[in-house]
Amino acid sequence: MRRIAIDRRGFLLGALALGGCSRVASSRVGQTSLQAGEDATHFVQRLLLRPQNLAREYSASAVSAIFKPNGSTDPQDATYKALVADQFAAYRLKVGGLVEHPFEISLDELRALPARTQITRHDCVEGWSCIGQWTGVPLRALLERAQIKPQARYVVFRCFDTMDDGSLTPARYYESVDLVDAFHAQTILAYAMNGAPLPVAHGAPLRLRVERQLGYKMPKYLSSLEVVDSFAGIDGGRGGYWEDNGYDWYAGL
Amino acid sequence: MSNVAPLVFRHPLPIRLAHWLNVVALTILLMSGLQIFNAHPALDIGATSNFEHPLAAIGATGETPDRGYVEVLGHRFGATGLLGVSRFGGQPTERGFPAWITLPAEQDLATGRRWHFLFAWIFFANGLVYLAYGLSSGQLRRRLVPGVSELGHIGASIRQHLTLHFPKGEARYNVLQKLTYLVVVLGLLPLQILAGLAMSPGFDAFAPWLPEAFGGRQSARTVHFVIAALLVLFVFVHVAMVLLTGPINQLRGMITGWFAVRAEREET
């Protein structure tokens, strides 16, 4: 009987400790401590990853028959629906913020720029993966055309879609990357998927590909790019829709 | 009281610290890992996911009443109450693993990831310190690497264990213990870290060979899950052996370092 008693005490201690876990996670100190893991990962991956480290590119035969669309798949926002009805003829991507030459660019003009095509694996934060082929304009080309100012640190991507799955506060999707990823060779604004124009479910007319990070870092339905020096004053202030809901800003793990 | 068992100093401080830190880290890694798994409660082989026919999956029928199941290679097993559908806040809820074994209890992938990766770093650092100490002090070899003569007794040792005649209170580990610890410490635990890293798109860009070594990212995820299950099995056997071979003496050994050799049977 004594052994069972020890066992039970151990179990109760464990239960107490875990009850404490959620209290730790919601406290300020706990949040900062939990943040330390992300900071360590970000620091180490930035040390390890050189610009020439590319995400693996696959052969055409590896492309997934079913590429799962996730997040918004059919935005109901009026502005977006008008663009779809018009087949994006009136679409203009706005590039602005901390740049010398803000500009707007149409889909046809984007398609006329030198493009990059890559067949890559898309890793969702939920754990699944799909392989798809993406064609688009390297983000670098647009940033070089706009000429970012010296104090620029991040590129913020604004989107047309409002996220509203009923569980979180509805908000426009947005995302951001630092200049390391913004200027990476595989970072493209994709207008085609698997050889066809980007479908609405996958972010028509334009989505971001940041191949060395998780799926939620690759916003769909892009409306504008804004070069900034901090996230202060932008929605929740953490650099993205999911980040404002507790997810890591650096999503390389 | 004349034959008081002599105490030997069995576990040096760095090993005791590493052991208890691992107890905490692996518990949190398991529970937060199951939280992460619940976001996509299916396993696959290869680079990508097969949403229609996964290798294995936990799911719910969505009927009234809702029923949970596990599906492995197309074979379905009912698991209501534990897997697929379990009670949370008094309500039957659709979720892979039940709330009592995930961290946090409610479905919260973001917080689960934070716990998992923070303690993955703690676990990794702990392992490095343990290995550095174990190799430099010779403890790793002395404690865990069996000699040739010991290996010759492996049959006898297996027989002893199968008939529950365990060596109790020996200063050194027996050959089965050594081999098991060796497989866990130098095999499963490092492999578990590598399988975890193989799921990182950032790390994969640094080391594209890593996911390939596992047969693709989804294979690595499956390996990560299976190794976690093997580690749980190891802990069950480990704790059972502690209970069967004098738990007070064993616990004193791992807390204070001092261990009674030829300990008397607890039952008598």
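This text goes with the structure placed above it.
Structural notes, computed from the coordinates.

Rules used in this analysis
Sequence order sets the numbering: in each chain, residues are counted from 1 along the sequence as written. Both sets of labels track the order of writing: A upward for chains, 1 upward for ligands. Reporting in this predicted model follows two pLDDT cut-offs: at least 70 for local features of residues, and 80 or more for side-chain atom pairs to be given and counted; totals over whole chains, interfaces and linings ignore these cut-offs and use all residues. Note: side-chain values were computed over all heavy atoms of the structure, leaving out hydrogens and water. Strands here mean DSSP runs of E at least two residues long; helices mean DSSP runs of H or I at least four residues long; both are numbered from the N terminus. Residue exposure (1.4 Å probe, protein chains only): buried if accessible area is under 20% of the type maximum, exposed if over 50%, otherwise partly exposed. Two residues form a contact once any of their heavy atoms are found within 4.5 Å. Each accessible area is a Shrake-Rupley estimate made with a 1.4 Å probe; only the visible protein chains count as cover when residues are assessed. Summed over both partners, the accessible surface that disappears when two parts come together, traced with a 1.4 Å probe, is what is meant by buried area. Salt bridges are counted wherever a side-chain nitrogen of Lys or Arg sits within 4 Å of a carboxyl oxygen of Asp or Glu. Residue type decides the class: Asp, Glu, Lys and Arg count as charged, Ala, Val, Leu, Ile, Met, Phe, Trp, Tyr, Cys and Pro as nonpolar, and the leftover types, Gly among them, as polar. Each pair of strands is called paired provided DSSP finds at least two bridges between the two strands. Put simply, buried Ala, Val, Leu, Ile, Met, Phe, Trp, Tyr and Cys residues joined by side-chain atoms within 4.5 Å make one nonpolar core. Only protein atoms enter the 1 Å grid, on which a cavity is a set of points fitting a 1.4 Å probe that cannot get out and a pocket is an open set with protein on both sides within 12 Å along at least 5 of 7 lines, lining residues being those with an atom within 4 Å of a point. Grid points are joined across faces, edges and corners, and a volume is the space filled by probe spheres set on the points. The angle between two axes is taken between their N-to-C directions and runs from 0 to 180 degrees, where each axis is a line fitted to C-alpha atoms and a helix contributes only its stretch in contact. Here the angle decides the label: under 35 degrees means roughly parallel, over 145 means roughly antiparallel, 65 to 115 means roughly perpendicular, and every other value means oblique.

### Remarks on the overall build of chain A
A count of helices and strands for chain A gives seven helices and ten strands. Each principal axis of the C-alpha distribution contributes one length, and for chain A these read about 80 × 45 × 40 Å. Classification of the 253 residues of chain A by burial places 48% in the buried group. Of all intrachain contacts in chain A linking residues separated by at least 6 positions in sequence, the fraction that spans at least 24 positions is 70%. Summed over its atoms, the accessible surface of chain A is roughly 11,700 Å², and 56% of this surface lies on carbon and sulfur atoms.

### Quick notes on the interface of chain A and chain B
Often, the extent of an interface is quoted as the loss of accessible area upon association of its parts. The interface of chain A with chain B comprises 49 residues on the first partner and 37 residues on the second. Contact between chain A and chain B buries roughly 3,800 Å² in total, counting both sides, with carbon and sulfur atoms accounting for 62%. With a closest N to O distance of 4.0 Å, Arg113 of chain B and Asp248 of chain A form a salt bridge. For the side of chain A that touches chain B, the elements supplying multiple residues, two or more each, are helix 1 (2-26), helix 2 (28-48), strand 3 (116-123) and strand 4 (129-138) of chain A. Broken down by element, the side of chain A that touches chain B gets its largest block of residues, eleven residues, from helix 2 of chain A. Here the residues of the side of chain A that touches chain B sort into 24 nonpolar, 13 polar and twelve charged.

### Quick word on the sheet that holds strand 3 (residues 56-60) of chain B
Residue and element names in this part refer to chain B. If you trace the four strands from one edge of the open sheet to the other, you get 2-3-4-5, paired in antiparallel fashion. The open sheet has two edge strands with one neighbour each: strand 2 (42-43) and strand 5 (75-78). Examined bridge by bridge, strand 2 and strand 3 share two bridges and lie antiparallel to one another. Among the inter-strand pairings, Ala42 is bridged to a residue of strand 3, identified as Ala57.

### Observations regarding the nonpolar core
Ranked by internal contacts, the top residues of the largest apolar core, which has 66 residues, are Tyr91, Leu93, Leu142, Phe157, Leu189, Leu222 and Leu225 of chain A. In this structure, Ala25, Ile28, Trp115 and Leu189 of chain B belong to the second largest nonpolar core, which totals 15 residues.

### Section: the layout of surface pockets
Here the second largest pocket defines a volume of roughly 1,000 Å³. Lining of the second largest pocket is provided by 45 residues; of these, Val125, Glu126, Leu168, Trp242 and Tyr247 of chain A occupy positions nearest its centre. For the lining of the second largest pocket, the secondary structure elements donating two or more residues are helix 1, helix 2, strand 5 (154-163) and helix 7 (241-244) of chain A together with helix 2 (109-137) of chain B. At four residues, helix 2 of chain B tops the list of elements feeding residues into the lining of the second largest pocket. A per-class count over the lining of the second largest pocket returns 21 nonpolar, 14 polar and ten charged.

### Points about the packing of helix 5 (residues 154-162) of chain B against helix 6 (residues 175-197) of chain B
The relative placement of two packed helices is expressed as an angle between their axes plus a distance between the axes. Residue and element names in this part refer to chain B. As a packed pair, helix 5 and helix 6 sit with axes 8 Å apart at the nearest point and diverge in direction by 95°. If you check the angle between helix 5 and helix 6, you find them roughly perpendicular. Along the contact surface, helix 5 presents Ile154, Ser157, Ile158 and His161, while helix 6 presents Val175, Leu176 and Leu179. Broken down by class, the residue content of the contact of helix 5 with helix 6 amounts to five nonpolar, two polar and no charged.

Note that every value here comes from positions in space, so none of it alone points to a role or purpose.
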